[in-house]
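Each chain, written out:
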Amino acid sequence: DGRFGRIVVRPSFENEFCLSVHADISEASIKKHDGWWMVPDAEKTYVMTVTTASKSIWGSIPQNGEKTNATVIQVSRTDRKISLELAVAIQRVWAKALHLTRYPSVASNGLDGTMYQFSVWVRGLGELQGETWSPQHGLPRDLVTIGIDLIAFVRQDANARGLTEQNLIKNLEKLESKIPKA
């Protein structure tokens, strides 16, 4: 469900992918506590999930009334269990950054580049959302960088060398300290 944070990455000419940070709760725990909202944190499993489309979903959408054959797009999924500490660190940074989100009166997206869409659920505020287009500097760029690091950590790819939960938590805390108060 991505309640602890989500980033959807939409490159112009490549397949889309998404990171969702969430808590998994067993059916037994839900029954034991009379509902998911009553389950203590100790009985939850925290997970980061990366889903990746086999080809561009956005690029497969018919444009200007053109007719196309139905396109089947496969989606792969990679899960990685994480600590509550990492899940909360992600949620805090996303919440603080997205609380500052402002939308321009004119769209500034280009034709090349990547759209990054962030969301997080915050108690009392609901779901906060924001997006940025190929940011070059500042908080948007820092948020994208840590998001890409989290995705590499889940995928355990070459870009994740040296990334541990503790490194990621430290990087998130450092970023959180740079975010101005709303």
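I will try to describe carefully the structure that is included in this document. Keep in mind it's a predicted model, so treat the numbers as computed, not measured. (Residues numbered from 1 in each chain as written. Predicted model: local features only at pLDDT ≥ 70, side-chain atom pairs only at ≥ 80, totals over all residues. Heavy atoms only, no water.)

## Some details on the environment of Gly113
And step 1. By the element assignment, Gly113 lies in the loop between helix 3 (84-98) and strand 5 (114-122).
And step 2. Note on Gly113: relative accessible area 25%, which makes it partly exposed.
And step 3. In this structure, the C-alpha to C-alpha distance between Gly113 and Ser134, residues 21 residues apart in sequence, is 5.5 Å.
And step 4. With near-sequence residues (within four places) excluded, Gly113 lies in contact with Arg10, Pro11, Ser12, Trp133 and Ser134. (Helix = DSSP H or I, 4+ residues; strand = E, 2+ residues; numbered from the N terminus. Buried < 20%, exposed > 50% of the residue type's maximum accessible area, 1.4 Å probe, protein only. Contact = heavy atoms within 4.5 Å.)

## Some thoughts on unusual backbone geometry
And step 1. Here the phi dihedral of Ser134 falls at roughly 35°; this positive angle occurs in a residue that is not glycine.
And step 2. Positionally, Ser134 belongs in the loop between strand 6 (126-133) and helix 4 (138-155).
And step 3. Residues other than glycine seldom take positive phi values, yet Gln156 does so here, at roughly 55°.
And step 4. Tracing the chain through its elements places Gln156 in the loop between helix 4 and helix 5 (165-178).

## So, the layout of surface pockets
And step 1. The calculated volume of the largest pocket comes to roughly 640 Å³.
And step 2. What lines the largest pocket is a set of 22 residues, among which Arg3, Phe4, Gln91, Trp121 and Arg123 lie closest to the centre.
And step 3. If you list the elements that add at least two residues to the lining of the largest pocket, you get strand 2 (17-25), strand 3 (44-53), helix 3 and strand 5.
And step 4. Sort the elements by how many residues they give to the lining of the largest pocket and helix 3 lands first, with six residues.
And step 5. Looking at the lining of the largest pocket, its residues break down into 13 nonpolar, two polar and seven charged. (1 Å grid on protein atoms, 1.4 Å probe; cavity = no way out; pocket = protein on both sides within 12 Å on 5 of 7 lines; lining within 4 Å. Points joined across faces, edges and corners; volume = space filled by probe spheres on them. Nonpolar A, V, L, I, M, F, W, Y, C, P; charged D, E, K, R; others polar.)

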